[in-house]
Each structure stands twice: as C-alpha cells, then as structure tokens.
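# Remarks on the overall topology
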Amino acid sequence: MADKTTTRKPDAETSSHGSKPAFEASAAGQGAAMMRDFDFKKMFKDLKIPQMPDMESVLGAHRRNLEALSDANRVALEGAQTVARRHMEIMQATMSGLTQTLREIAASDTPNDRAAKHAELLKQAYENAVSNTRELGDLIQRSHTEAMQKLNQRFSEAMTEMKDVFKK
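Residues numbered from 1 in each chain as written. Predicted model: local features only at pLDDT ≥ 70, side-chain atom pairs only at ≥ 80, totals over all residues. Heavy atoms only, no water.

Before going further, it helps to examine the overall build of the protein chain. Counting its secondary structure elements, the protein chain contains four helices and zero strands. Along the protein chain, from the amino end to the carboxyl end, the secondary structure elements read α-α-α-α. Within the protein chain, the fraction of its 168 residues that count as buried is 13%. For the protein chain, contacts bridging at least 24 residues in sequence account for 62% of all contacts bridging at least 6. Per element, the accessible surface of the protein chain, about 14,200 Å² overall, is 59% carbon and sulfur. (Helix = DSSP H or I, 4+ residues; strand = E, 2+ residues; numbered from the N terminus. Buried < 20%, exposed > 50% of the residue type's maximum accessible area, 1.4 Å probe, protein only. Contact = heavy atoms within 4.5 Å. Areas by Shrake-Rupley, 256 points an atom, 1.4 Å probe, with all protein chains shown as cover.)

Below is the structure:
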C-alpha cells in the first residue's frame, strides 16, 4: 500500500517560508525600508500646529463666565422675590378692599343700591387686575432684561478674549 500522505508543492502565492504570501512579504520589506528613511522631525516641523493658549487666561475667562452666570442668576432670583413680594401685597390689598366693599354692600338698604355697588365693585376689580398684572409683568420684564444684559455683556467680552487668544 502506498503512503497516502503527499508532499505539498509550494504555491506561487506563498513565500519560501510558507507562512505569508509572497506579495505581503515583499510589501512589508518595502514598508520597513520606507519607515527607516522617513524623517519625522521634518514632517512635524512642516505642520502648522497652533500654539497652546495661555492656560491661565483660559481659566480666567471661564472663571469670569461663571461669575457672570452667577450674577445673572442672582438678579433673576432677586427679581422673582420682588415679584412674589409685590404679588402678596396686591393680594392683601385686594382682600382688605373686598372685605370693606362687602361690608358696604351689606349695609345698603335697597336692592338698587346693592346692584350699583356690585357694578362698581366689578369695574374696580377689573381695573385693579389689569393694573396689577401690568405692574407684575413690568417687574418680571425688568428683572429678565437686567439678567440678560449681564449675560450678553459677558458673552461679548468672552468672544473678544478668545479672539485675542487665537491672535497670539
């Protein structure tokens, strides 16, 4: 019986070592030769890498940004407190006025007098509500405007600072 193991002839695609294809082995050799001749210093010298900005100035800018944000939040909070305080004053004045008006209506003798006082009460209540709503809206608007001015001012300053950092 003949031995069934056959000797394998090397393919044209394998190298004499039998592990890598021939074209890979020659490409690896060429790549290694190219890497030996490559001048990394020249490559990095020719690159136009921007200079690192001064970290102290960058951190200072961020600190000023946080201070401006904190200041704007403080203004907004103070505005909200002012609105809440004024709203409470309005409610107290409305309740005391309503109590007085109800006493006057109860003291009225005739139904015609009561109807007239009701009409006057409704007219006054509407005028007061419009006036108070306008006043509260103005307080909110002022607070919002002041807070936004602080943020806009800081944003403008920050853009100028960044422009100056990148000019260096």
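Moving on: helix α4 (residues 111-167). Helix length check: α4 (57 residues) gives 83 Å between terminal C-alpha atoms against 84 Å at 1.5 Å per residue, within 8%. Among the residues of α4, those classed as buried are L121, N132, L136, L139, S143, A147, R154, A158 and V165. Residues of α4 that are buried in the fold lie against α3 (55-107). (Expected span 1.5 Å × (residues − 1).)

Now for the packing of α3 against α4. Two numbers describe how α3 lies on α4: the axes approach to 10 Å, and their chain directions differ by 175°. Here α3 is positioned roughly antiparallel relative to α4, judged by the angle of their axes. Taken together, the residues of the contact of α3 with α4 sort by class into 20 nonpolar, nine polar and 12 charged. (Axes fitted to C-alpha atoms, helices over the stretch in contact; angles between N-to-C directions. Parallel < 35°, antiparallel > 145°, perpendicular 65-115°, else oblique. Nonpolar A, V, L, I, M, F, W, Y, C, P; charged D, E, K, R; others polar.)

Turning to a nonpolar patch on the surface, a few remarks are in order. Taken together, the side chains of F38, M43, F44 and L47 define a hydrophobic patch exposed on the protein surface, amounting to about 370 Å² of accessible area. Along the chain, F38 falls in the loop between α1 (22-37) and α2 (40-46). We classify F38 as partly exposed; its relative accessible area is 39%. (Patch = residues over 30% accessible without salt bridge, like charges linked within 9 Å, V, L, I, M, F, W, Y side chains within 5 Å. Salt bridge = Lys/Arg side-chain N within 4 Å of Asp/Glu carboxyl O.)

This part covers the pattern of salt bridges. Per the counting criterion, the structure on display carries nine salt bridges. Between E67 and R63 there is a salt bridge, and its shortest N-O distance comes to 3.7 Å. Of the two residues, E67 and R63 are both situated in helix α3; the distance of four residues between them amounts to about one turn of the helix. E67 gets classed as partly exposed once you look at its relative accessible area, which sits at 46%.

Taking 1.5 Å per residue, 53 residues should reach 78 Å; α3 reaches 78 Å between its end C-alpha atoms and fits that length. Those residues of α3 lying buried are V58, G60, A61, A68, A72, V75, G79, V83, I90, T101 and I105. Buried residues belonging to α3 abut α4.

As for its position among the elements, S96 is in helix α3. A distance of 3.1 Å separates a polar side-chain atom of S96 from the backbone oxygen of A93. (Polar contact = N/O pair within 3.5 Å; in protein donor to acceptor, adjacent residues only side chain to side chain.)

We now examine the side chain of S143. Relative to the helices and strands, S143 resides in helix α4. Under the relative-accessibility criterion, S143 is labelled buried at 11%. Excluding residues within four positions of it along the chain, S143 makes contact with V75, A76 and G79.

With respect to the helices and strands, the residue I90 is situated in helix α3. On the basis of relative accessible area, I90 is assigned to the buried category, the value being 8%. Taking C-alpha positions, I90 is 9.4 Å from A129, a pair spaced 39 residues apart along the chain. The residues touching I90, leaving out its near neighbours within four places in the chain, are N132, E135 and L136.

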